[in-house]
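Architecture and fold: a report
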Amino acid sequence: MPVAICVNRHVWFDTKIKHYKLYYDGQHYVKDKRFDSLHELVADGLVTLYMEANAAPYIELMDSFNNYEKSPYMTLNRLKRRAVASRRADLTTATDSFLQKEVKHSEIPQLDTKDESITEAVTCEGLISETVDYDKPHAFKIHTFKGLNWCEFCGNFLWGFTAQGVKCEDCGFSAHSKCSEKVPCDCCPDLKQLRGVFGIDLTTLVKAHRTARPFVVDKCISEIERRGLDAEGLYRVSGFAEEIETLKLALDKDGDQADVGSEMYENINVIAGTLKLYLRLLPIPLVTFETHPAVIKAAQLKSIEKQIVGIKDALTLLPAAHYNTLKYLMEHLNRVIQQQSTNKMTAHNLSTVFAPTLMPAPDLTKCGGLPGMTYEISALETMITHQQTIFN
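Quick word on the pattern of salt bridges
For the structure shown, the criterion picks out seven salt bridges. In this structure, lysine 141 engages glutamate 169 in a salt bridge whose closest nitrogen and oxygen atoms are separated by 3.6 Å. Pair noted here: lysine 141 is in strand β7 (residues 140-143) and glutamate 169 is in the loop between β8 (165-168) and β9 (174-175), with a separation of 28 residues, a long-range link. Of the residues examined, lysine 141 reaches a relative accessible area of 46% and is grouped as partly exposed. Under the relative-accessibility criterion, glutamate 169 is labelled partly exposed at 44%. Its salt-bridge partner being aspartate 252, residue lysine 248 comes within 3.5 Å of it at the nearest N-O pair. With a gap of four residues between them, lysine 248 and aspartate 252 both fall in helix α8 (residues 241-254), about one helical turn apart.

Structural notes on the sheet that holds β8
Strand order in this open sheet of three strands is β7-β8-β9, and the pairing throughout is antiparallel. At either margin of the open sheet sits one strand with a lone partner, and together these are β7 and β9. Pairing between β8 and β9: two bridges, direction antiparallel. Note that in β9 the partner of valine 166 across the bridge is alanine 175.

The rules behind the values
- Residues numbered from 1 in each chain as written.
- Predicted model: local features only at pLDDT ≥ 70, side-chain atom pairs only at ≥ 80, totals over all residues.
- Heavy atoms only, no water.
- Salt bridge = Lys/Arg side-chain N within 4 Å of Asp/Glu carboxyl O.
- Helix = DSSP H or I, 4+ residues; strand = E, 2+ residues; numbered from the N terminus.
- Buried < 20%, exposed > 50% of the residue type's maximum accessible area, 1.4 Å probe, protein only.
- Pairing = 2+ DSSP bridges.

Following this line, the structure appears as structure tokens:
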């Protein structure tokens, strides 16, 4: 790994001497900006110095904007404004085709979360119709823009030769680094920006597909409950790896149109294995790293009554999409244990299978090796057994 070299440099600019530290580790860089050549670094530095010296009032005016709706972007870029408004209107009128299919349960539980970004429509006669719009922060990354580009928040020019600003990886929103700190959590991911389904952030996926939960979860659970609840060793017995990979590729390519029926995948363990794979590949686990400590603390309480209350409170820390997906999964696993006389899967068995996937340790380096999952298993077992109390 190359060692960074630091060099002090002095520049005479606008009748003043300015002092800088420049670094080199195979590339020249200053703070977050990297340059392939010294010429590019000097050119970008001169532009920045000139802007800071001659455009201070202008930059201060740009920095004063703190209201997205009143920013120049909303008046200067009317075409994109209409497009965003149209996408949001669709969120309140469009109903996902999969959620309109017949639900086989006699009672459809209501979504229960403190996040106000969730709106539910009507459930009747075994059919569910949901319109859900989750708040999602932008996934900004430093970006080098080609040609002339403007900040979509303040409407001003993105100056410089490289790393002029940031760009959202999910929706393509471009902004100055400072402006990006003020952009609200209103990212509308574009399906064209997403590569498949597996390994995609959960909130990003459901917001892009306009669903309450990832369609992979709904599709797999629906198929398992249709023909596999009595399968011995469900979720414990592995399906064929090749078939799981085939189904994964089909879901990545065809989305909710992928065929998971018995004619394609006779072995129900392939469907169960694909569901576990999806949950395992989430970049942020279903029980997020921020929520994990609170859940473990609740699981360590003495009485089961206190544990239930503690876990219920801890789960309110989850993002809304994670909460709704976990709630749906726990309801499903509760139905699995109701068939334990035939499938041999108790709440403890299921918790042992799912704990490493749903609740991985936030920091493995502190564990000095593989962490014990005692409290994670206990917490999940409580969620499965007492799901109605915890989630309702």
